[in-house]
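Each chain, letter by letter, is given below.
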Amino acid sequence: MIVTADLGCRSVPSSPTESTAPLLRTSSFNENPPKCARAGILLVRLHRISRHVSPRSAGCSILALISLAFLGAIPYLAIVSARAGSVSLTSFFIAGFFVVLTVPISLVGIVSHLTHWFAPDVQKYVVRILWMVPLYSLTSWSSLLLQPISEYTDPLRDLYEAYVISSFVYYMIALLGGEEALSETLERKDPLLGEHPWPLRLILARWEMGEEFMLQCKTGTLQFIVVKSISTIVYAVLRPLGLYSEGNFNIRSGFTYVSLLLSASMGWAMYCLIKLFVATKEELRSPKDWRPVGKFLCIKGVVFFTWWQGVILLILRNMGIIGPIGDWDAHYVAKGLQDMMVCAEMLAFAIAHNYSFSYRDYLLDGTTAASSSVPYSNMSPTSGTDVDGGTCGLHSEHLVPSIRQVATPMSVKHAIWSSTVPRETLCDIAKLSRGTSSATERTKAWGGGGEIHFQLAESV
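As the structure is a prediction and not an experimental result, all values here were calculated from the model.

## Looking at the overall build of the protein
Looking only at helices and strands, one finds 15 helices and zero strands in the protein. Across the 460 residues that make up the protein, the buried fraction comes to 46%. The long-range share in the protein, meaning contacts at least 24 apart out of those at least 6 apart in sequence, stands at 73%. Here the protein has roughly 23100 Å² of accessible surface; of this, 65% comes from carbon and sulfur atoms.

## What about the nonpolar core?
Generally speaking, soluble globular proteins have nonpolar side chains that are buried together. Counting residues in each nonpolar core, the largest one holds 74 residues, and the members touching the most others are M132, F168, Y171 and F357. Apart from residues lying up to four places away in sequence, Y171 is in contact with V122, Y125, V126, W290, K295, F357 and Y362. Core analysis: the next-biggest nonpolar cluster, separate from the first, contains 15 residues, F92, V99, V103 and C343 among them.

## Let's talk about the packing of aromatic side chains
For the structure shown, the criterion picks out 16 aromatic pairs. Taking 5.8 Å as the distance between ring centres and 85 degrees as the angle between the ring planes, the aromatic pair formed by Y244 and F255 counts as edge-to-face. Of this pair, Y244 sits in the loop between α10 (211-241) and α11 (254-285) while F255 sits in helix α11, and the two are 11 residues apart along the sequence. Like F255, Y244 is buried. Among the aromatic residues, those joined into a ring-pair cluster are W207, F213, W268 and Y271. In this structure, R157 packs its charged tip against the face of Y136, placed 5.2 Å from the ring centre.

## Here's the deal with the side chain of S356
Structurally, S356 is set in helix α13 (residues 330-356). Residue classification places S356 among the buried residues on the basis of a relative accessible area of 4%. Non-local contacts of S356, meaning those with residues more than four positions away in its chain, are made with R291, G294, K295, C298 and D361.

## Notes on the pattern of salt bridges
Side-chain pairing between opposite charges can occur once the charged atoms of the two side chains come close. Summed over all chains, the structure comprises nine salt bridges. The salt bridge partner of D154 is R157, with a shortest N-O separation of 3.6 Å. You can see D154 and its partner R157 sitting in helix α8 (residues 150-175), three residues apart, about one turn around the helix. Per residue, the accessibility class of D154 equals that of R157, and both read buried.

## Points about a negative patch on the surface
A surface patch of like charges, here negative, comprises E184, E187, E208 and E212. As for its placement among the helices and strands, E208 is situated in the loop between α9 (179-187) and α10. Take E208: its relative accessible area is 56%, and that puts it in the exposed class.

## Section: a nonpolar patch on the surface
A cluster of nonpolar side chains, namely I233, V237, L241 and L243, defines an oily patch on the protein surface of about 390 Å² accessible area. Position of I233 among the secondary structure elements: in helix α10. Residue I233 is classed as exposed on the basis of its relative accessible area of 55%.

## Here's the deal with the state of the cysteines
In the structure shown here, the tally under the stated rule is zero disulfides. C217 carries a free sulfur, and the closest cysteine sulfur to it, the one in C272, is 5.5 Å from it.

## Describing the packing of α8 against α11
Between α8 and α11, whose axes approach to 11 Å, the crossing angle comes to 25 degrees. Between α8 and α11, the angle is such that the two are roughly parallel. You can see that α8 and α11 cross each other, and the crossing is left-handed. Here α8 contributes F168, V169, M172 and L175 to the contact with α11, which in turn contributes L273, L276, F277, T280 and L284. Residues belonging to the contact of α8 with α11 are distributed by class as follows: eight nonpolar, one polar and no charged.

## Some details on the environment of P409
Mapped onto the fold, P409 is located in the loop between α13 and α14 (412-420). When the C-alpha positions of P409 and A119 are compared, they lie 8.1 Å apart, and in sequence the two are 290 residues distant.

## Quick notes on the environment of M172
Here M172 shows up in helix α8. For the pair M172 and V122, spaced 50 residues apart in sequence, the C-alpha to C-alpha distance is 8.8 Å.

## Focus: α8
Here α8 is 26 residues long and its end C-alpha atoms lie 36 Å apart, about the 38 Å a rise of 1.5 Å per residue gives. Of all 26 residues in α8, 21 are buried; the element is thus mostly enclosed. Phi turns positive one or two residues past the end of α8, at G177, with a value near 100 degrees.

## Notes on unusual backbone geometry
Residue P199 is bonded to the preceding W198 through a cis peptide linkage, with omega at 10 degrees. Within the secondary structure, P199 sits in the loop between α9 and α10. With a phi close to 50 degrees, R291 is a non-glycine residue in the positive phi region. Inspection of the secondary structure puts R291 in the loop between α11 and α12 (292-318).

## Some words on the packing of α12 against α13
The relative placement of two packed helices is expressed as an angle between their axes plus a distance between the axes. Here α12 crosses α13 at 170 degrees, and the two axes come no closer than 10 Å. When the axis of α12 is compared with that of α13, the two are roughly antiparallel. Grouping the amino acids of the contact of α12 with α13 by side-chain chemistry returns 14 nonpolar, nine polar and three charged.

The rules behind each value
Position labels on residues start from 1 in each chain and follow its written sequence. Confidence filtering applies because this is a predicted model: local features only for residues at pLDDT of at least 70, side-chain atom pairs given and counted only at 80 or more, and all residues used for totals across whole chains, interfaces and linings. Side-chain metrics rest on all non-hydrogen atoms present in the structure, leaving aside hydrogens and water. By definition, any uninterrupted DSSP run of H or I lasting at least four residues is a helix, any uninterrupted run of E lasting at least two residues is a strand, and each is numbered from the N terminus. In this scheme, a residue with accessible area under 20% of its type's maximum is buried, one over 50% is exposed, and one in between is partly exposed, where area comes from a 1.4 Å probe on protein chains only. Note on definitions: a residue-residue contact is assigned when non-hydrogen atoms from the two residues lie within 4.5 Å. Using a 1.4 Å probe, the Shrake-Rupley method yields the accessible areas, and only the shown protein chains count as cover for residues. We call a set of buried Ala, Val, Leu, Ile, Met, Phe, Trp, Tyr and Cys residues a nonpolar core when their side-chain atoms join them within 4.5 Å. Geometry of aromatic contacts follows a simple scheme: Phe, Tyr and Trp rings, the Trp one being its six-membered ring, pair when their centres are within 6.5 Å, and the pair is stacked under 30 degrees between planes, edge-to-face over 60, tilted otherwise. Criterion for a charge above a ring: Arg CZ or Lys NZ at most 6 Å from the ring centre, at most 35 degrees from the ring normal. For this analysis, a salt bridge means a side-chain nitrogen from Lys or Arg found within 4 Å of a carboxyl oxygen belonging to Asp or Glu. Exposure above 30% relative accessible area and no salt bridge define the residues that can form patches, which grow by joining like charges within 9 Å and nonpolar side chains of Val, Leu, Ile, Met, Phe, Trp and Tyr within 5 Å. Charge assignment in this entry is limited to Lys and Arg as positive and Asp and Glu as negative, and neither His nor the chain termini are counted. One atom stands in for each charge, and that atom is NZ of Lys, CZ of Arg, CG of Asp or CD of Glu. Cysteine sulfur atoms are paired as a disulfide whenever they fall within 2.5 Å. As a rule, the C-alpha atoms of each element are fitted with a line to give its axis, helices using only the stretch in contact, and angles between N-to-C directions run from 0 to 180 degrees. Comment on the angle field: the value is read as roughly parallel under 35 degrees, roughly antiparallel over 145, roughly perpendicular from 65 to 115, and oblique elsewhere. Take the far helix as the reference: if the near one is turned anticlockwise from it by less than a right angle, the crossing is left-handed, and if turned clockwise, right-handed. Any residue outside Ala, Val, Leu, Ile, Met, Phe, Trp, Tyr, Cys, Pro, Asp, Glu, Lys and Arg is labelled polar, Gly included; the first ten of those are nonpolar and the last four are charged. One less than the number of residues in a helix, times 1.5 Å, gives the span that helix is expected to have.

This is the structure in C-alpha cells:
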C-alpha cells in the first residue's frame, strides 16, 4: 500500500523500498499536475535548451519572433484601416508587412560582417552598401504615415545614394588590390577598352589604359556625390518657396533643371562603373569569383531604378493618369505608390544583398591563429608581411593574394568606426577638385583612401 504525504506539490512513497510504478500509474500528480509543478517543468526544459543556444542564435530567434508577431497583426490592422476608409493607414500597414521582413534580414547581414571583420579594408565598404536597404525601407515607410516628413527624409536618402555609389567604386578598387595594383593591371589590358562608343567618341578622347583609365572612372563616379549634394541643397531651398514644382517639366520649375542635371550625372557615373567593370571582369571572377554581376545589379537597381521609377510616377500624375484616392490628392497618391513600391522592392534587394555581399566571402579558410597587435600602417598590402620583413599574422590563401586579411577579427567598435567615417572619399574629392593630375600623387592607403591607423583588436 502506498501512503502519500501532503507536500503541496509532491506525492512521495512512505517507504523507499516500495515500488513507485503503481504511483506513476495512479497518482493524480502525473495525470493532472498542479500549476506550480507545470511551471517548474517548463522552466527546467527552457534552461536545458538555453544551454545549447548561443547568444547570437538567441538574439536572432527573438528578432524572428517579434517579426512574426508583427506579421500576424499587420494584415488585420490593414483590413481595419481599409474598412475605416483611411488610405494612409492602409498603405502604411501593407508596406509594413514588407518592412518587418526587410529590416531583420538586412540587420543580420550587417551584424554578420561586423562580427566577422577579417578583411576590414574591404568590408567597411560592404557595410556602407548594406545600410542602404533598411534606410530606403524605413524612410519610405515613415513617409506613408506622415507625408510631410518626406521633405526631410528624401534629402537624407538622396545623400546616402551618393555615398553608396562612391563606396561601391572604392569597394571594386579594394577587391582589385588598391589603386596601384589596379593601375598595373589595367596597363596590361587591350587599349581598345579605353575607346568610347558613338557619340561619346566625338567629344571624348580615348582613355589610356592604366592610371588614367582608373582615375577617369573614379572621377566620373565621385562627381555624382558633388552633383547629388548640390541638387539636394537646391531642393531644400526651392521647395519651401514654391519654385521646385516636383513633377512639372517646364522652364519655370526647378524640378526640370535638377532632374536633367541628376540624369546626366547619374548616367555618367553609371557609364564609368560599367567601363571599370568591363575592364576588370576577369580579375573579379578569377582566381576567386566575387559575383560582380550580382553586386553591380544590386547597386544599379536600388539607386538608379528607384529614382527613375519615382520620376515616371510623377509624370503620370501630371498627365492625369494618377488621380486622388480617398483622403489623398493626386500628389500624395504618386508619392505613396512610390513609397509602397520601394518598401516591397527592398525585401527582394535585402535577400539579394545578403547573397551578393555575404560575410562568408571574407572568412578565413577554416584556420585559426593567435591575436596580432601589429598596426595596419606597418603591413604590406600584398605580401602578408610587415615593412621590416616579419610576419604579421595575415592569411591570404582563401582570398586573392592582394587582399589583406587579419587572423583575428577586429572588435565591433573598431568595425563600426571604420565603416562609418568616409575619410577616403573626402580626401579624394579634395584631390580631384584640384584636377586629375594632382590625383596621381596617391597615398599608400588600402583601396585608395586615406591612411589607416587602426590597431588590430582582440577577437570578439
